[in-house]
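Architecture and fold: a report
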Amino acid sequence: MDKLSPDIQTAELKVFLNHVYEFQKGVRQMVLYTVNRKYEAFAVSRLEKQHIDYLIQPIDGKKINLFFGKPECIHAIRCMVTRPLNQLTPEEDFILGTMLGYDICAQCKRYCQRKERTEKVA
């Protein structure tokens, strides 16, 4: 089996393929998928074949964050996500979560908690 055709029965790739399906059906405008680097070539190949914009953010030697979705969303991610996700400001984190379609009330709660933590440190 080559790098571009791994076993698509693995749970990781089933999740990826489901995210692609949901994007294509309009359920999601953008997806953030954290995946093992060994599936990067397969995922990129699939996205490119389907003309889906994407951005790869390395996490470490074993994992990457793979953002994909509408071109305008990925352009915004390219502008905003210029460092590891755990280093985003509370505002950037809120915007990202909202763009990903996370529950808005949960995002508001998360934002307030993060904001309070950063104010205590300052």
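In this text, all values refer to a predicted model and were calculated from it rather than measured experimentally.

The rules behind each value
- Residues numbered from 1 in each chain as written.
- Predicted model: local features only at pLDDT ≥ 70, side-chain atom pairs only at ≥ 80, totals over all residues.
- Heavy atoms only, no water.
- UniProt positions renumbered as here; feature names shortened; annotations may be inferred.
- Helix = DSSP H or I, 4+ residues; strand = E, 2+ residues; numbered from the N terminus.
- Phe/Tyr/Trp six-rings, centres within 6.5 Å; stacked < 30°, edge-to-face > 60°.
- Buried < 20%, exposed > 50% of the residue type's maximum accessible area, 1.4 Å probe, protein only.
- Pairing = 2+ DSSP bridges.
- Axes fitted to C-alpha atoms, helices over the stretch in contact; angles between N-to-C directions.
- Contact = heavy atoms within 4.5 Å.

Quick look at the UniProt feature "domain: DUF2023" (unreviewed entry) in the protein now. Per the UniProt entry, the sites bearing "domain: DUF2023" (unreviewed entry) are residues 14-114 in this numbering. Regarding residues 14-114, the helix share stands at 51% and the strand share at 20%, and the terminal C-alpha atoms are separated by 33 Å.

Right, let's talk about the packing of aromatic side chains for a bit. Summed over all chains, the structure comprises five aromatic pairs. Both rings, one in Phe 16 and one in Phe 68, keep their centres 5.8 Å apart while their planes meet at 70°; by these two values the pair is edge-to-face. Of the two residues, Phe 16 is situated in helix 1 (residues 11-24) and Phe 68 in strand 3 (residues 63-69); the sequence distance between them amounts to 52 residues. For Phe 16, a relative accessible area of 0% translates into the label buried. Ring centres 6.5 Å apart and planes at 80° place the aromatic pair Phe 23 and Phe 68 in the edge-to-face group. Of this pair, Phe 23 sits in helix 1 while Phe 68 is found in strand 3, placing the two residues 45 residues apart along the sequence. An aromatic cluster of three or more residues is present, and its members are Phe 16, Phe 23, Tyr 33, Phe 42 and Phe 68.

Turning our eyes to something else, we now look at the sheet that holds strand 3. The three strands are arranged 1-3-2 in an open sheet whose pairing can be described as antiparallel. Each edge of the sheet is formed by a strand with only one pairing partner; in this case those strands are strand 1 (30-36) and strand 2 (53-58). Across the sheet, the mean angle separating the axes of adjacent strands is 20° when strand polarity is ignored. Strand direction decides the pairing type here: strand 1 and strand 3, joined by seven bridges, are antiparallel. Of the residues in strand 3, the one forming a bridge with Thr 34 is Asn 65. Against the sheet, helix 1 makes contact with strand 1 and strand 3, and its axis sits at roughly 165° relative to strand 1, the strand it touches most.

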